[in-house]
Amino acid sequence: MKSFFLKIYFFKLAILTKLYLRRTRPLIIWITGSVGKTSCRMIVTQVLKQLLPEKKIYTSPKNFNSEIGLILSIFQIESYDPSIKNLCILWWKIFFSLLRPKNIPDILVLEYGIDHPHDMKFLTMISKADIAIFTKLDAVHSSNFASVDAVWNEKFLLMKTAKQRVYLNSFDEYCKNHTEDIKSPLRFY
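Residues numbered from 1 in each chain as written. Predicted model: local features only at pLDDT ≥ 70, side-chain atom pairs only at ≥ 80, totals over all residues. Heavy atoms only, no water.

### Concerning helix H6 (residues 148–161)
The line we're drawing: Only DSSP runs of H or I reaching four residues or more are called helices, and only runs of E reaching two or more are called strands; each is numbered from the N terminus. By definition here, a helix of n residues has an expected span of 1.5 Å times n minus one. A residue's bend is simply the angle between two axes: one fitted to the seven residues ending at it, one to the seven starting at it. Classification of residues uses two cut-offs on accessible area relative to the type maximum, computed with a 1.4 Å probe and protein chains only: under 20% is buried, over 50% is exposed, and between them is partly exposed. Should any heavy atoms of two residues lie within 4.5 Å, those residues are considered in contact.
Taking 1.5 Å per residue, 14 residues should reach 20 Å; H6 reaches 21 Å between its end C-alpha atoms and fits that length. Of all bends in H6, the biggest is about 30°, found at Lys 155. For H6, the full list of buried residues reads Val 151, Trp 152, Glu 154, Lys 155, Phe 156, Leu 158, Met 159 and Thr 161. Against strand E1 (27–32), helix H5 (119–126), strand E4 (131–134), strand E5 (165–168) and helix H7 (173–177) lie the buried residues of H6.

### Section: the layout of surface pockets
Just so we agree on the cut-off: As defined here, a cavity is a set of points on a 1 Å grid over the protein atoms alone where a 1.4 Å probe fits but cannot get out. A pocket is an open set with protein on both sides within 12 Å along at least five of seven lines, and residues line them when an atom is within 4 Å of a point. Grid points are joined across faces, edges and corners, and a volume is the space filled by probe spheres set on the points.
Volume-wise, the largest pocket comes out at about 330 Å³. Elements supplying a minimum of two residues to the lining of the largest pocket: helix H1 (2–24), helix H3 (67–74) and H5. Per-element tally for the lining of the largest pocket: the top contributor is H1, with five residues.

### A short note on the pattern of salt bridges
Selection rule: The term salt bridge refers to a pairing of a side-chain nitrogen on Lys or Arg with a carboxyl oxygen on Asp or Glu at a separation within 4 Å.
One pass over the full model with this rule turns up three salt bridges. With a closest N to O distance of 3.8 Å, Asp 130 and Lys 163 form a salt bridge. Linking Asp 130 in the loop between H5 and E4 with Lys 163 in the loop between H6 and E5, this pair joins segments that are 33 residues apart in sequence. Since its relative accessible area comes to 8%, Asp 130 is described here as buried. For Lys 163, a relative accessible area of 52% puts it in the exposed group. With its nearest N and O atoms 3.8 Å apart, the salt bridge here joins Lys 136 to Asp 172. Here the residue Lys 136 occupies a position in the loop between E4 and H6, and Asp 172 occupies one in the loop between E5 and H7, the gap between them amounting to 36 residues. Overall, the relative accessible area of 1% leaves Asp 172 in the buried class.

### Observations concerning the nonpolar core
Note the cut-off: Nonpolar cores were defined as sets of buried Ala, Val, Leu, Ile, Met, Phe, Trp, Tyr and Cys residues, with membership established by side-chain atoms within 4.5 Å.
Counting residues in each nonpolar core, the largest one holds 45 residues, and the members touching the most others are Ile 74, Leu 90, Ile 94, Leu 110, Ile 126 and Met 159. Considering each element in turn, this core owes the most residues, seven residues, to H1. Setting aside chain neighbours within four positions, we find Met 159 in contact with Thr 32, Ala 132, Ile 133, Phe 134, Val 166, Leu 168 and Ile 182. Counting 10 residues, the second largest nonpolar core, distinct from the first, contains Ile 31, Cys 40, Ile 131 and Ile 133.

### Some words on a nonpolar patch on the surface
Applicable threshold: Candidate patch residues must exceed 30% relative accessible area and have no salt bridge, after which like charges are joined if within 9 Å and Val, Leu, Ile, Met, Phe, Trp or Tyr side chains if within 5 Å. Under the convention used here, a 1.4 Å probe and the Shrake-Rupley method define accessible areas, while residue burial counts only the protein chains that appear.
Nonpolar side chains collect at one region of the surface, where Phe 4, Phe 5 and Ile 8 lie side by side and expose about 310 Å² of accessible area between them. Mapping Ile 8 onto the fold places it in helix H1.

As structure tokens, then:
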């Protein structure tokens, strides 16, 4: 029962977040993979800050990459302690941020992690990446999936929905062999 109410709560937060992103329109860079997401996110952020000093670039200082973590990152909420009270406070913070956005970034660098099947579908419902980066696929964190292929298929949804460009790891076998459904311009690094 608790899980059911949390799913509804996350879905409602996702709708508010989607509206916020439509209103503020930052360039969104998504980073996913089994390993290396946080390091890649921090490197991309630092490089962008050096190359584009006139732009406001934001990434969370924490490893927020789940359903709630993504929403916290988008709203630049840097600390969160799960509790009923804090869920209520979070709802109002997000609601008022939607009504009166402040500190709007030009570029958001976000990290997407998944633990269960259909997690990526939920995350991509919130927003589509302008630029998607895939680090590396590994069996780590795949215990809730039937196989590593199932993890790939879930993470690959991010690559298929990217709007402007996709960057894939040229040393990753899955990346080299599964590019047929990517519609955005593709680059290997």
